[in-house]
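Analysis of the macromolecular model
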Amino acid sequence: MRPCSAVMHLMLGCLRGCGRHSRCRLPRRVRQPVSYIKLIFKSLYFSSLTNSEVMMDSILEPVFWMVEVVTRWFGMVFVFLVVALTSSVVCIAYFCLLPLVLQTYTPGWIMWHICYGHWNLVMIVFHYYKATKTPPGNPPKLKNDIPFVSVCKKCVIPKPARSHHCGICKTCILKMDHHCPWLNNCVGHYNHRYFFSFCLYLTLGCMYCSISGRNLFIDAYSAIDQFRHMEAEKQGVPVTGIGLLIGIVPSEAVAGKVISQPPYTYKDRMFHKSVIYMWVLTSTVAVALGALTLWHAVLITRGETSIERHINNKEARRLTTRGKVYRNPFNYGKLNNWKVFFGVEKRSHWLTHVLLPSGHTPYGDGLTWDIYPLKKDIVPV
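In this report, we go over the structure that sits alongside the text. (Residues numbered from 1 in each chain as written. Predicted model: local features only at pLDDT ≥ 70, side-chain atom pairs only at ≥ 80, totals over all residues. Heavy atoms only, no water.)

**Some points on the packing of aromatic side chains**
Applying the stated criterion to the full structure yields 16 aromatic pairs. Taking the centre distance of 6.4 Å and the plane angle of 85° together, the rings of W338 and F341 count as edge-to-face. Remark: F341 and W338 occur in helix α13 (residues 334-342); sequence separation between them is three residues, near one turn of the helix. On the basis of relative accessible area, W338 is assigned to the buried category, the value being 19%. (Phe/Tyr/Trp six-rings, centres within 6.5 Å; stacked < 30°, edge-to-face > 60°. Helix = DSSP H or I, 4+ residues; strand = E, 2+ residues; numbered from the N terminus. Buried < 20%, exposed > 50% of the residue type's maximum accessible area, 1.4 Å probe, protein only.)

In structure tokens, the structure reads:
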């Protein structure tokens, strides 16, 4: 064991030595161009008003511009896809699954599926419409006495707290979370609740379709697979005959046997394919959108937006190096953050503002954020 350990120590020492003297070992012809390139790169942002991050943003500006243009022009295409895919699932549920439910289920389960399915559909349609049509909110462009934290370099107007500039909408957004191409709209102060509720109820609807249609999907997949095997066997049957019937009449027909009709009609095949399409689509959306909804739920619990999450992490790291702890000024506690987000002022609002369609406006005007009472529980629950 000792010789092996000695060899290992020797190898580690050689690697450290190579790491220390790697610069000195470079040829002089190579060291001079490398040093010159570093000097040129540093001279590009040699200013007290800029740094390497600003330079990288300037270099990647054409890429950002291309993404903004594509997102802006294809916004209506994304909205059309959401409407078309959702409508296709609803049509399959009405024309394929609902008759089957009415024929096979008990009255109690029939009432459950009808009530829950229609409630979920109403919530999805309502919140998606409101999220796309409700403006997220913009700071005033005229001079006023509202406190601001900075000045937008592109809009050249004062920016209140939690406001950010959207390159796609070409304006500043109050409490901006992100620009959603599936809404063709920014998610901000006035439509953030609609966006999250749409994601939540669409996830619940997809999970409902995926779980309740699992057995139908298995049966449909088995039926389609069996039908394919039958078609393959039918194409491989040898045929024979006499005279003009050679190659036309199968041997079973010549022997006097009756050829049976295929067990599945065109309607049956379309039914099975529709069930498979619906289950695959809803399961995929449930997983992808469910992860996005869970992430936004975590952000709401912490009292921050997607942009603020990045800013708060960066600020926390900066203060950690100084031995300080960063505290989010817009975090009012986990439960209070949800009450502020949904606009819950009394217990009945959990039903009227959360579980039922509601067009109430959020707390405040999105310009100032010192209006919330700083106590442990805004509304006792």
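**Some remarks on empty space enclosed by the protein**
Under the defined criterion, the tally for this structure stands at one cavity of 30 Å³ or more. Approximately 240 Å³ is the volume found for the largest cavity. For the lining of the largest cavity, the secondary structure elements donating two or more residues are α8 (192-212) and α13. Broken down by element, the lining of the largest cavity gets its largest block of residues, three residues, from α13. (1 Å grid on protein atoms, 1.4 Å probe; cavity = no way out; pocket = protein on both sides within 12 Å on 5 of 7 lines; lining within 4 Å. Points joined across faces, edges and corners; volume = space filled by probe spheres on them.)

**A short note on helix α11 (residues 266-302)**
Here α11 contains 37 residues, and its C-alpha end-to-end distance of 53 Å stays within 8% of the 54 Å for a straight helix at 1.5 Å per residue. Directly after α11, the chain includes G303, whose backbone phi takes a positive value near 75°. (Expected span 1.5 Å × (residues − 1).)

**Considering the pattern of salt bridges**
Think of it this way: side chains of opposite charge can pair up when their charged atoms draw near. Overall, the coordinates contain three salt bridges when judged by the stated rule. Between R162 and E308 there is a salt bridge, with its nearest N and O atoms 2.6 Å apart. Residue R162 is found in the loop between β2 (158-159) and β3 (164-166), and its partner E308 is found in helix α12 (residues 306-321); the two are separated by 146 residues along the sequence. With respect to class, R162 is no different from E308; both count as buried. Where E315 meets R318, a salt bridge forms, and the shortest distance between an N and an O atom there is 2.3 Å. Here E315 and its partner R318 are both found in helix α12, three residues apart, which amounts to about one turn of the helix. What makes R318 partly exposed here is its relative accessible area of 35%. (Salt bridge = Lys/Arg side-chain N within 4 Å of Asp/Glu carboxyl O.)

**Some details on the packing of helix α6 (residues 75-104) against α11**
Where α6 meets α11, the closest approach of the two axes is 10 Å, and the angle between their N-to-C directions is 130°. As judged from the angle between their axes, α6 and α11 are oblique. Helix-helix and strand crossings are classified by hand; for α6 and α11 the assignment is left-handed. Where α6 abuts α11, its residues L85, S88, V89, I92, C96, L97 and L100 lie against F271, S274, V275, Y277, M278, L281 and T282. (Axes fitted to C-alpha atoms, helices over the stretch in contact; angles between N-to-C directions. Parallel < 35°, antiparallel > 145°, perpendicular 65-115°, else oblique. Left-handed = near helix turned anticlockwise from the far one by under 90°. Contact = heavy atoms within 4.5 Å.)

**Concerning the packing of α11 against α13**
It is at 7 Å that the axes of α11 and α13 come closest, and there the two elements cross at 105°. If you check the angle between α11 and α13, you find them roughly perpendicular. In this structure, α11 contributes A297, I300, T301 and R302 to the contact, and α13 contributes K334, N337, W338 and F341. Classifying every residue of the contact of α11 with α13 by side-chain character gives four nonpolar, two polar and two charged. (Nonpolar A, V, L, I, M, F, W, Y, C, P; charged D, E, K, R; others polar.)

**Notes on the side chain of N328**
Checked against the element boundaries, N328 lands in the loop between α12 and α13. Among the polar contacts made by the side chain of N328, one reaches the main-chain carbonyl oxygen of R302 at a distance of 3.3 Å. Setting aside residues up to four positions removed in sequence, N328 forms contacts with R302, G303, E304 and N312. (Polar contact = N/O pair within 3.5 Å; in protein donor to acceptor, adjacent residues only side chain to side chain.)

**Let's talk about the nonpolar core**
Buried together is how nonpolar side chains tend to be arranged in soluble globular proteins. In terms of nonpolar packing, the biggest core is built from 26 residues, with L183, F196, F198 and F342 touching the most fellow members. Contributions of two or more residues to this core are made by α6, α7 (107-133), α8, α11 and α13. Among the elements that line this core, the one with the most residues is α8, at eight residues. Setting aside anything within four residues of it in sequence, one finds L183 in contact with V79, Y128, A131, T132 and F195. Core analysis: the next-biggest nonpolar cluster, separate from the first, contains 13 residues, F217, I224, V275 and I276 among them. (Core = buried A, V, L, I, M, F, W, Y, C linked by side-chain atoms within 4.5 Å.)

**Re a nonpolar patch on the surface**
A cluster of nonpolar residues, W65, M66, V70, W73, F74, V77, F80, L81, L85, W182 and Y277, forms a patch on the protein surface that exposes about 1,200 Å² of accessible area. Those elements that place two or more of their residues in the nonpolar patch are α5 (61-73) and α6. Looking at the element boundaries, W73 is found in helix α5. Classification of W73 by relative accessible area gives exposed; the value is 67%. (Patch = residues over 30% accessible without salt bridge, like charges linked within 9 Å, V, L, I, M, F, W, Y side chains within 5 Å. Areas by Shrake-Rupley, 256 points an atom, 1.4 Å probe, with all protein chains shown as cover.)

No statement about biological role is implied by the geometric values presented.
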